[in-house]
Amino acid sequence: MTTLENITRTHRPDLDRLNERIHNQLHTSNSMMSRIVLSLLRTKGKQLRPLLLIMCAKMFGPVDEKVMASAAAVELLHNASLIHDDVVDNSMTRRGLPTVNAVWDNHIAVLVGDFFTSSAMQEAISTGNIRIVDALCKLGRQLSLGEIDQIYNAREHSLDEESYYRIIDYKTASLFVASAEMGCFAAGAPDEAREVLARYALLFGRCFQIRDDVFDYFPSELVGKPTGNDLREGKVSLPLLHALEDSSLPEHDEILKLLDKDNLSDEEIDRLQAFARDNGGIDYAFDVMRRLRDEALQGLDGLGASAVRDELADLFDFIIERQF
C-alpha cells in the first residue's frame, strides 16, 4: 500500500462525507446533466486538494460542516477547471476515459464546467465565511490567468524558468494553496500557522507539477500513459528549459528550431525528450523538488509535532517518488 493510500485510508470517513456532499450538491432534475455528472463522479482522481484541506483543518479543530463545504468547493472548482481545460486543449481523454467534450461536444462541456463552478460558489457561500469565499474567487482568477499565460507562452515560445513557475503557481499550486488556506479559515487557525501551511502548499503544488512534467520526457511504455503531449502543444517545462540553458551543446540550436515548429512528428518529440534527459534536465528537476521539500518541511517544524504534520511530510515525499 502506498503512502497516499495509507493517508487516504486514515481520512476515508471524511472523504466519504465529502463525496456524498458533492453528489447532493450536483443533483439536478435535468436528465442530461445527471448522466454527465454521474459519469464524472465515477472517475474522480486522488482528491489531493480536498484531502489537504481536511488535513490542515484537523490540525486546529474538528472536521465540521464548514470544513466539508470548503472541501467540496475546492474539489468542484478543480473539476470545473479540468472540464474547461479539456475544451481549450481539445483533449479527448482524461484518466483513460473520454472527456465531456469528446462525448457531448464543447458546448455542453462548457455549460457543465459552469455548473460545477456555480456549485462550488454555493458551497463556499454556505460557510458564511467571507475569507473562504474570497479565497475561492481568487483561485478562479488564478486558474484562468494560468491557462491564458500557458497559451501565450506556447505561442510566443517563452523559454525561461520565471515564466514556467508563474504558470504552475497559477494553474497547479494555487489549488493547493487555496485548499490549505480555506481549511485554516474554516477551522479558525491562527494567521501565523495559516501562512506556514500556505507556503507548504505552494511548494507542494510546484513539486507536484514538476514531477508530472518529468513523466512527459520518457517513452510512453515506461510511464504507462501517453507522454510528449505537452511538447506537442508547445509547452516547454523544467527539464527541457534547464537543458536549453547550455547554449554550447551541439544540438542546442537545432532543438530551438524544433520548438518553433507548429506540428512535431513522433520522432521529433523523441528527440526533444532525449535532449532533456541526456543533458541533465531530469536530474535538475529532481534536485529542485528536493529543495522544495526541504523548505516545506522546515516550515512545518515550526508548527510542532502532530500526526497530521507527519502525514504532510510523508505526502511530500510520496509526490517526489510517485511512479504514476
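Source: prediction; values computed, not measured. (Residues numbered from 1 in each chain as written. Predicted model: local features only at pLDDT ≥ 70, side-chain atom pairs only at ≥ 80, totals over all residues. Heavy atoms only, no water.)

## What to know about the overall build of the protein
Counting its secondary structure elements, the protein contains 17 helices and 2 strands. Over its C-alpha trace the protein gives a radius of gyration of 20 Å, about what one expects of a compact globule, namely 20 Å for 324 residues. Dimensions of the protein, computed from C-alpha atoms along their principal axes, come out at roughly 60 × 50 × 35 Å. The long-range fraction of contacts in the protein, counting pairs at least 24 apart against all pairs at least 6 apart in sequence, stands at 74%. (Helix = DSSP H or I, 4+ residues; strand = E, 2+ residues; numbered from the N terminus. Rg over C-alpha atoms; globule rule 2.2 N^0.38 Å. Contact = heavy atoms within 4.5 Å.)

## Quick word on the pattern of salt bridges
Counting across every chain of the model gives 28 salt bridges. One salt bridge in this structure joins Arg 21 and Glu 123, with 2.7 Å as the shortest N-O distance. Here Arg 21 is found in helix α2 (residues 12–25), whereas its partner Glu 123 is found in helix α7 (residues 106–126), with 102 residues between them in sequence. Residue Arg 293 pairs with Asp 294 through a salt bridge whose shortest N-O separation is 3.4 Å. Each of the salt bridges in this network shares a partner with another, and the network as a whole consists of Asp 14, Arg 17, Arg 21, Lys 58, Glu 65 and Glu 123. (Salt bridge = Lys/Arg side-chain N within 4 Å of Asp/Glu carboxyl O.)

## Brief notes about the environment of Asp 260
Of note, Asp 260 is situated in the loop between α14 (252–259) and α15 (266–278). By relative accessible area, Asp 260 is classed as partly exposed at 49%. The sequence separation of Asp 260 and Thr 8 amounts to 252 residues, and the corresponding C-alpha distance is 43 Å. (Buried < 20%, exposed > 50% of the residue type's maximum accessible area, 1.4 Å probe, protein only.)

## A short note on the packing of aromatic side chains
Note on aromatic pairs: each is described by the distance of the centres and the angle between the planes. Counted by the stated rule, this structure contains 6 aromatic pairs. Measuring from ring centre to ring centre gives 5.6 Å for Phe 176 and Phe 208, while their planes differ by 55 degrees; the resulting arrangement is tilted. One end of the pair, Phe 176, is in helix α9 (residues 161–187); the other, Phe 208, is in helix α10 (residues 191–215), with 32 residues separating them in the sequence. Relative accessible area serves as the criterion here: at 0%, Phe 176 is assigned to the buried category. On the accessibility criterion, Phe 208 (11% relative accessible area) is buried. Measuring from ring centre to ring centre gives 5.6 Å for Phe 204 and Phe 316, while their planes differ by 90 degrees; the resulting arrangement is edge-to-face. (Phe/Tyr/Trp six-rings, centres within 6.5 Å; stacked < 30°, edge-to-face > 60°.)

## What to know about the confidence of the model for the protein
Across the protein, the average pLDDT comes to 93, with 98% of residues at 70 or higher. Here helix α11 (residues 220–223) stands out as the element of the protein with the lowest mean pLDDT, 59, in contrast to helix α4 (residues 48–58), whose mean of 98 is the highest. (pLDDT = per-residue confidence, 0-100.)

## Observations concerning the side chain of Ser 91
Note that Ser 91 resides in the loop between α5 (65–89) and β1 (93–94). Here Ser 91 falls in the buried class, since its relative accessible area comes to 18%. Setting aside anything within four residues of it in sequence, one finds Ser 91 in contact with Asp 86, Thr 99 and Asn 101.

## Observations concerning the packing of α5 against α7
Packing of α5 against α7 brings their axes to within 8 Å, and their N-to-C directions diverge by 165 degrees. The angle between α5 and α7 falls in the class roughly antiparallel. Classified by chirality, the crossing of α7 by α5 is left-handed. For the contact of α5 with α7, the class distribution of residues is 14 nonpolar, 7 polar and 2 charged. (Axes fitted to C-alpha atoms, helices over the stretch in contact; angles between N-to-C directions. Parallel < 35°, antiparallel > 145°, perpendicular 65-115°, else oblique. Left-handed = near helix turned anticlockwise from the far one by under 90°. Nonpolar A, V, L, I, M, F, W, Y, C, P; charged D, E, K, R; others polar.)

## Quick look at the environment of Arg 277
Along the chain, Arg 277 falls in helix α15. Classification of Arg 277 as partly exposed rests on a relative accessible area of 29%. C-alpha of Arg 277 to C-alpha of Ser 248: the two residues are 29 residues apart in sequence and 17 Å apart in space. Residues contacting Arg 277, with those up to four places away along its chain left out, are Tyr 217, Phe 218, Pro 219 and Ile 282.

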